[in-house]
Amino acid sequence: MAEYRGTLDRYLLIAGNRIGSKLFLDKNGLCVLRKQNGLREYVIELPKHSEVVYFYSPICKVPYGCSEEFFEKILELNLHGITYNQATFGLDAKTQNIVLSYPRSMEALDEVAFSNILNNFIKTADRAEKDLVRLRRQLIEQTSLTEDDIDAEMNTYRTISNNGKLKV
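Parameters and conventions
- Residues numbered from 1 in each chain as written.
- Predicted model: local features only at pLDDT ≥ 70, side-chain atom pairs only at ≥ 80, totals over all residues.
- Heavy atoms only, no water.
- Helix = DSSP H or I, 4+ residues; strand = E, 2+ residues; numbered from the N terminus.
- Buried < 20%, exposed > 50% of the residue type's maximum accessible area, 1.4 Å probe, protein only.
- Contact = heavy atoms within 4.5 Å.
- Pairing = 2+ DSSP bridges.
- Axes fitted to C-alpha atoms, helices over the stretch in contact; angles between N-to-C directions.

(A) Focus on the overall build of the protein. Helix and strand counts for the protein come out as 4 helices and 5 strands. The linear arrangement of helices and strands in the protein, starting from the amino end, is α-β-β-β-α-β-β-α-α. Burial status across the protein gives 30% buried among its 168 residues. Within the protein, contacts between residues at least 6 apart in sequence are counted, and of these 58% link residues at least 24 apart.

(B) Looking closely at the sheet that holds strand β3 (residues 52-61). Read from one edge of the open sheet, 5 strands run β1-β2-β3-β5-β4, paired in antiparallel fashion. The sheet is open, and its two edges are formed by β1 (30-35) and β4 (88-92), each paired on a single side. Sheet twist, expressed as the average angle between the axes of neighbouring strands with direction ignored, equals 30°. One ladder, built from 3 bridges, connects strand β2 (residues 40-45) with β3; its direction is antiparallel. When the sheet's bridge partners are listed, Val43 is paired in β3 with Tyr56. Across the sheet, helix α2 (residues 67-79) is in contact with β3, β4 and β5 (97-105); its angle to β4 comes to roughly 145°.

(C) Molecular detail of the pairing of β2. The sheet contact formed by β1 and β2 spans 6 bridges and is antiparallel. Within β2, the residue paired with Val32 across the bridge is Val43. Linkage of β1 to β2, two consecutive antiparallel strands, is achieved through a turn of 4 residues, within which Gln36 is found at a positive phi near 55°.

That's the geometry; what it means functionally is another story.
And the structure:
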């Protein structure tokens, strides 16, 4: 199996020059590109003795209270690969982050293809973040009780209790 670390380091240098960032692999085979004051993160990883390079980016946390509905929508989004340029969503169990990932064989890359994939992945991850933030907000609104919901529930409880001669 060919060693791809040097090749990927060269591709990262070229791509980094194009986007104005210094990109390189660390000793663990990771390159982390941070944007928006470190709030957005894009990772390129080449595991040791691997011919596959992974592009991935944390997108958002799993929302509390509507996680089942959220995961259902995430699975639906994975079904339609073209929406996110064949990148897929997954769960990082350690951080409870939804992560967008895209694997690619080093054999299929040259410096131009790598730069294009990196640029497209960054755009795709940014779009996915906007989409999932919107989805989270919608699901939280649908599953959260408002003050009116609570008042209506309490009125129903009072009516039931008063009819049964119980007082609250």
